[in-house]
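Descriptive structure summary
Chain by chain, the residues run as shown.
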Amino acid sequence: LVAGLLVAVAVRRTDAAAREREEVLDRLARSDAAKTAFLRAVSHDLTTPAAHIAALAETVHVRGAELAPDVRATLLRRIDANAHRLRDDIGALLHLGELADGHVAVERRPLDVRELLRRAIARAGLDEGQVVLGRLEVSTVRADAAKVEHAIANLLGNAAKYAPDAAIDVEV
């Protein structure tokens with residue numbers, strides 16, 4: 001009888017350990033899938049502005065002399081905007097490390113809303129003509145410029161991506 005009880009206890013413990021092992025393996029598989037999805041998204045977010053910079057720079061380099069000055073200036077502005085976007089995206093990746101370590105630095109300072117929107121428009125790779133700045137009831141805000149600009153640029157970029165023929169109206 002005692003031997004049977006010991007076997008039953010051992011079987012239950014083995015079953016519990018197997019279930020726990022399966023749960024751990026399942027969590028690891030989900031974590032690995034999330035990591036893979038994150039790396040794909042990061043890869044896209046970094047290669048897109050890099051590809052834009054390369055293509056625009058090649059156009060200016062190869063056809064620069066035959067481009068109208070305003071066209072050349074527009075291309076150079078777009079190169080600059082994409083370079084800033086790439087730099088900021090790399091900075092955001094580095095910021096993730098700070099978040100993982102529990103260090104979050106927020107630099108709140110007064111910001112001119114209209115200028116913040118202009119920078120976000122450029123960062124999104126859009127021309128100011130694509131975005132209609134409506135009534136701005138607030139002229140200044142106290143915020144972290146880089147973080148707010150990044151968020152607004154993402155919203156503008158998504159609006160342009162998913163409604164490419166529509167005007168983007170912004171009101172604050």
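This one's a predicted model, so the numbers in the text were calculated from it and none came from an experiment.

1. What to know about the nonpolar core
Of all hydrophobic cores here, the largest spans 18 residues; its most connected members are Leu117, Leu126, Val131, Ile152, Leu156, Ile168 and Val170. Those elements that place two or more of their residues in this core are helix H3 (113-123), helix H4 (145-162) and strand S4 (168-170). Residues contacting Leu117, with those up to four places away along its chain left out, are Leu133, Leu136, Ile152, Val170 and Val172. Listed in part, the seven residues of the second largest apolar core include Ile53, Val60, Leu75 and Leu86.

2. Section: the pattern of salt bridges
In total, this model carries ten salt bridges according to the counting rule given. Between Asp26 and Arg30 there is a salt bridge; the shortest N-O distance is 2.3 Å. With Asp26 and Arg30 both in helix H1 (residues 2-63) and four residues apart, the pair spans about one turn of that helix. Of the charged contacts in the structure, one is a salt bridge between Asp88 and Arg87, with a shortest N-O distance of 2.9 Å. Judged by relative accessible area, which is 18%, Asp88 ranks as buried. Among the charged side chains, a network of salt bridges with common partners joins Arg87, Asp88, Arg119, Arg123 and Glu149.

3. Digging into helix H2 (residues 69-100)
The end-to-end C-alpha distance of H2, which contains 32 residues, comes to 47 Å, matching closely the 46 Å that a straight helix rising 1.5 Å per residue would cover. Along H2, the residues classified as buried are Leu75, Ile79, Ala81, Asn82, Leu86, Asp88, Asp89 and His95. Looking one or two places after H2, you find Gly102, whose phi comes out positive at around 85°.

Cut-offs applied
- Residues numbered from 1 in each chain as written.
- Predicted model: local features only at pLDDT ≥ 70, side-chain atom pairs only at ≥ 80, totals over all residues.
- Heavy atoms only, no water.
- Core = buried A, V, L, I, M, F, W, Y, C linked by side-chain atoms within 4.5 Å.
- Buried < 20%, exposed > 50% of the residue type's maximum accessible area, 1.4 Å probe, protein only.
- Helix = DSSP H or I, 4+ residues; strand = E, 2+ residues; numbered from the N terminus.
- Contact = heavy atoms within 4.5 Å.
- Salt bridge = Lys/Arg side-chain N within 4 Å of Asp/Glu carboxyl O.
- Expected span 1.5 Å × (residues − 1).

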